[in-house]
Amino acid sequence: MTDDTTNSRTRGARPRVVHGAGRPRPWAVFVAAFAVFCGLGGAWAVASPLMSVPDEPAHTIHAAAVVRGQLSGDPVEQQGWTRVTVPEYVAQTTSLPCFAFNDDVDASCQATVSDSDADTSAVTTAGSYDPVYYAFVGLPSLVLDGKASLYAMRGFSVILSAALLASAVAALVQRRSSRWSLMAVVVLTTPMVLFITGSVNPSSMEISAAVALFAWLTLLRERADEGLPVHRIAMVAVSAALLANTRSIGLLWLLVIVVASTLDLALWRRLLRSVAFWVAAAVIGAASVFSLLWVLATQSLSPTVPNPGVGSTFESGFIRMIFLTFENGQGYVGIFGWLDAPAPATTVVLWSCCMIVLVLAALVFGRGPARLGTAVLALAFVVAPPIIQGIAVTDYGYIWQSRYILAVLVCVLLSAGAALDEAFPAPTTGRMKTLVVVVLAALGVMQLHTFVWTLRRYVVGWSDQSGGWGAMFTDPRWAPSGGWIVWTVVFAAVWATGAVLTARAMSGSAPGRDEPAARRSVEATASSAAVPASRDA
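## Regarding the layout of surface pockets
- Of the voids in this model, the second largest pocket is the one considered here, and its volume is about 520 Å³.
- What lines the second largest pocket is a set of 24 residues, and nearest its centre among them are Val-169, Gly-498, Leu-501, Thr-502 and Ala-505.
- Residue contributions to the lining of the second largest pocket peak at 8 residues, all from helix α21 (residues 484–508).
- Broken down by class, the residue content of the lining of the second largest pocket amounts to 18 nonpolar, 4 polar and 2 charged.

Below, the structure written as structure tokens:
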């Protein structure tokens, strides 16, 4: 009778996840991560001159037009360009990047931004772009004018990206082990990612939505045996829908990420029995259909401005791009302005080494679906640009830029972290903690150096007559609101805070802590049930 009583109480009892003393709550992690990402992206948004990001005027005009009901505008003679009516200060943005392509020219050349909101005709090359991102980012232009509106539009873009990235971190800390995944988040948050986050550019939502989608799918896969909570499936649906409606290539990245993160038949068997999954699938399907129909209706893939290489063969485009994929480390780590302000060479080399080591370690030592997913994503990262460029080169010429593949690269790194978490679930040793601190400090130094390095390009320029670094203090030609020193201090403080929080979260993410605790709880319940039974016997 004793055995039967014990078994009846423990049979089917599933170990429940218990947050240990050192394991942070997901909602608290989200709030903290959101504040950090907002601070980092916001520092770039305010410290960078307006319209200092490639094509930012076109995206800003499109955003202001979309929120006024002009989803695409009227076509003009130039293929792919459209004409819209926007406030005067928005139309003026096309003249603000007076320093573009010339790093000797500082940002003082910019004209004063008008406060007039009079209806003005403007043309944009982004008129055929999916309106979802722009419908959110353009909202400040309905209530603000002038510089305040333009900076607020950047701020809305930061908020959107920060929310998605923070949700990804909140998903990662719910994994059974998340130590290496959290380190991967730090590595994938390159200066280039932050630079794009602080601008009006759909690539910011593309990158952050990709990270969020991969993180939530990985959490679902790993803990599917404990159930499929509706909120996790909902986060997958939201992230996937946003990714699908970023750029025309977003649908391809969506497919690659879903395949790479769900290589588990047991997961799919559980998903197919879930009503929430089918609802989410319908939402993602509808979002994908909308994106596809938008591309077809607006002919956004039609050739626009001729680029070098038009008329070349597929083979020439493929071969050229296969080598550039590995040589574009500068574009992954940081090439700022209108591609005229590259990050310091040391930062590019060291950061690239961190990426390579992380991925190779995952492919060599990783295990399970996470390692396979890393291999799939790495393969997509290598072959997708050459194939796409090879197909496009005949009609478009050489159009590929390194930031176009960032959405896949960040997922490669995150998948590598997940694979290492599964391979090395042991608690962090003293030496490992020291290594973590050293890596976080080194990446922080490179982030800060790159931030100031880029500011110099706009404060005094890079010409021999600029006066060098000293002129930034004694004779600045241009400065962001509050001064460049203030925003440098803000950036440094926010990064240091994020590094401390990351180190604490990694220490608290003690692998194996949840499961043994749950098993001890079940065993204790069984023991307490067995004692009275034995007395009755």
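## Quick notes on a negative patch on the surface
- On the surface, Asp-115, Asp-117, Asp-119 and Asp-145 cluster together to form a negatively charged patch.
- For Asp-115, a relative accessible area of 57% puts it in the exposed group.

## Some points on helix α19 (residues 430–459)
- Here α19 contains 30 residues, and its C-alpha end-to-end distance of 43 Å stays within 8% of the 44 Å for a straight helix at 1.5 Å per residue.
- Taken from the residues just after α19, Gly-461 is the one with a positive phi, measuring 80°.

## Some points on the nonpolar core
- Grouped together as the largest cluster of nonpolar side chains are 147 residues, with contacts concentrated most on Val-86, Leu-213, Trp-253, Leu-413 and Leu-414.
- In this structure, Leu-414 is in contact with Leu-172, Ser-181, Ala-184, Val-185, Leu-188, Val-211, Phe-214 and Ala-215, ignoring residues within four places of it in sequence.

## Notes on the state of the cysteines
- Counted according to the given criterion, the structure contains 1 disulfide.
- Here Cys-98 pairs with Cys-109 through a disulfide, and the sulfurs are 1.9 Å apart. Note on the Cys-98 and Cys-109 pair: the S-S dihedral is about 90°, so by sign convention the disulfide is right-handed. Within this pair, whereas Cys-98 is found in the loop between α4 (88–91) and β3 (119–124), its partner Cys-109 is found in the loop between α4 and β3, the two being separated by 11 residues in sequence.
- Residue class for Cys-109 comes out partly exposed when judged on its relative accessible area of 33%.
- Cysteine Cys-353 shares no disulfide, and the gap to the nearest cysteine sulfur, in Cys-354, comes to 7.1 Å.

## Regarding empty space enclosed by the protein
- Throughout the structure, instances matching the rule amount to 3 cavities of 30 Å³ or more.
- Counted as a void, the largest cavity has a volume near 50 Å³.
- If you go around the largest cavity, the residues you meet are Phe-214, Thr-218, Arg-221, Ala-260, Ser-261, Leu-263, Pro-369, Ala-370, Gly-373 and Ser-415.
- Secondary-structure elements contributing two or more residues to the lining of the largest cavity are α9 (203–222), α11 (250–261) and α17 (368–396).
- Classifying every residue of the lining of the largest cavity gives 5 nonpolar, 4 polar and 1 charged.

Conventions we followed
Residues numbered from 1 in each chain as written. Predicted model: local features only at pLDDT ≥ 70, side-chain atom pairs only at ≥ 80, totals over all residues. Heavy atoms only, no water. 1 Å grid on protein atoms, 1.4 Å probe; cavity = no way out; pocket = protein on both sides within 12 Å on 5 of 7 lines; lining within 4 Å. Points joined across faces, edges and corners; volume = space filled by probe spheres on them. Helix = DSSP H or I, 4+ residues; strand = E, 2+ residues; numbered from the N terminus. Nonpolar A, V, L, I, M, F, W, Y, C, P; charged D, E, K, R; others polar. Patch = residues over 30% accessible without salt bridge, like charges linked within 9 Å, V, L, I, M, F, W, Y side chains within 5 Å. Areas by Shrake-Rupley, 256 points an atom, 1.4 Å probe, with all protein chains shown as cover. Salt bridge = Lys/Arg side-chain N within 4 Å of Asp/Glu carboxyl O. Lys, Arg positive; Asp, Glu negative; His and termini not counted. Charge placed at Lys NZ, Arg CZ, Asp CG, Glu CD. Buried < 20%, exposed > 50% of the residue type's maximum accessible area, 1.4 Å probe, protein only. Expected span 1.5 Å × (residues − 1). Core = buried A, V, L, I, M, F, W, Y, C linked by side-chain atoms within 4.5 Å. Contact = heavy atoms within 4.5 Å. Disulfide = S-S within 2.5 Å.

The values are spatial; any link to function lies outside them.
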